[in-house]
Amino acid sequence: MVILRPVDEVFAFVSDARNRPSWDDSVNSEELTSEEPIGVGSTVRTRMRSMGRDYEIDWRIVEHEAPTHQRIESTSGPFATTLVYDLASDADGTSVEFSVTGRPSGMLRLLQPLIARTTQRNLDKGFAQLKQVLER
């Protein structure tokens, strides 16, 4: 996806988890649970709803290379999850690539195809909204 904004502006917005509820409808709130500035070691708490259930998930930023890369890993929640944002300057603005890797175990492993479909649907909708928010 390409967002018609400079890479530093897009990174500043997406790397601050507190902005996520404005573009991801599955997220009710995100709060920074550590001191600013945001960077490696910063922690975030997410309250979200997915597949009809409410979740509270804690995260730690493990890689933060402004303005092009951020990797975040869950430290609590239903299963281990990693989020990665990769951004690059593009002739038209900023190219954004995002990946989420969930590692359900036990009985949740049986639900992995459903979890993957639901997550992809949420991401597709969320990133369309992110583009709209940033291009306003």
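Residues numbered from 1 in each chain as written. Predicted model: local features only at pLDDT ≥ 70, side-chain atom pairs only at ≥ 80, totals over all residues. Heavy atoms only, no water.

1. A look at the layout of surface pockets
Reported here for the largest pocket is a volume of approximately 770 Å³. Phe-79, Thr-81, Val-100, Ile-115 and Thr-119 are, among the 35 residues lining the largest pocket, the residues nearest its centre. Contributions of two or more residues to the lining of the largest pocket are made by strand 3 (43-50), strand 4 (53-65), strand 6 (80-90), strand 7 (93-103) and helix 2 (112-135). With ten residues, the single largest contributor to the lining of the largest pocket is helix 2. Classifying every residue of the lining of the largest pocket by side-chain character gives 19 nonpolar, eleven polar and five charged. (1 Å grid on protein atoms, 1.4 Å probe; cavity = no way out; pocket = protein on both sides within 12 Å on 5 of 7 lines; lining within 4 Å. Points joined across faces, edges and corners; volume = space filled by probe spheres on them. Helix = DSSP H or I, 4+ residues; strand = E, 2+ residues; numbered from the N terminus. Nonpolar A, V, L, I, M, F, W, Y, C, P; charged D, E, K, R; others polar.)

2. With respect to the sheet that holds strand 6
With antiparallel pairing, the seven strands of this open sheet are ordered in space as 1-7-6-5-4-3-2. Here the strands that pair on one side only, and so sit at the sheet edges, are strand 1 (2-3) and strand 2 (27-32). As defined by bridge partners, strand 3 adjoins strand 4 across eight bridges and the pair is classed as antiparallel. Each residue of the ladder has a partner; that of Thr-46, found in strand 4, is Ile-57. Along the sheet, helix 1 (residues 7-14) contacts strand 1, strand 4, strand 5 (69-74), strand 6 and strand 7; its crossing angle with strand 6, the most-contacted strand, is approximately 165°. (Pairing = 2+ DSSP bridges. Contact = heavy atoms within 4.5 Å. Axes fitted to C-alpha atoms, helices over the stretch in contact; angles between N-to-C directions.)

3. Points about the pattern of salt bridges
Overall, the coordinates contain 13 salt bridges when judged by the stated rule. Where Arg-5 meets Glu-9, a salt bridge forms, and the shortest distance between an N and an O atom there is 2.5 Å. A residue is classified by how much of its surface remains accessible, and Arg-5, at 31% relative accessible area, is partly exposed. Judged by its relative accessible area of 37%, Glu-9 is partly exposed. For Arg-49, the salt bridge identified is with Asp-54, shortest N-O distance 2.9 Å. Residue class for Arg-49 comes out partly exposed when judged on its relative accessible area of 42%. Put simply, Glu-31, Arg-45, Arg-47, Glu-56 and Asp-58 are held in one network by salt bridges that share partners. (Salt bridge = Lys/Arg side-chain N within 4 Å of Asp/Glu carboxyl O. Buried < 20%, exposed > 50% of the residue type's maximum accessible area, 1.4 Å probe, protein only.)

4. A few points about the side chain of Ser-50
Relative to the assigned elements, Ser-50 resides in strand 3. Discounting chain neighbours no more than four positions away, the residues touching Ser-50 are Tyr-55, Thr-118 and Asn-122.

5. Some points on unusual backbone geometry
The amide bond that connects Glu-36 to the next residue, Pro-37, takes the cis arrangement and shows omega of 5°. Of note, Pro-37 is situated in the loop between strand 2 and strand 3. Note the cis peptide between Ala-66 and Pro-67, where omega equals 0°. The residue Pro-67 is located in the loop between strand 4 and strand 5 in this model.

6. Points about the environment of Ser-105
The topology assignment puts Ser-105 in the loop between strand 7 and helix 2. Remark: the alpha-carbon pair of Ser-105 and Pro-78, spanning 27 residues in sequence, is separated by 9.1 Å.

7. A short note on empty space enclosed by the protein
With a probe scaled to a water molecule rolled over the atoms, the places where space remains empty come into view. Applying the stated criterion to the full structure yields two cavities of 30 Å³ or more. In this structure, the largest cavity encloses a volume near 120 Å³. Grouping the amino acids of the lining of the largest cavity by side-chain chemistry returns eight nonpolar, three polar and two charged. A volume near 30 Å³ is recorded for the second largest cavity. Forming the boundary of the second largest cavity are Ser-15, Asp-16, Ala-17, Arg-18, Glu-31, Leu-32, Ile-38 and Val-44.

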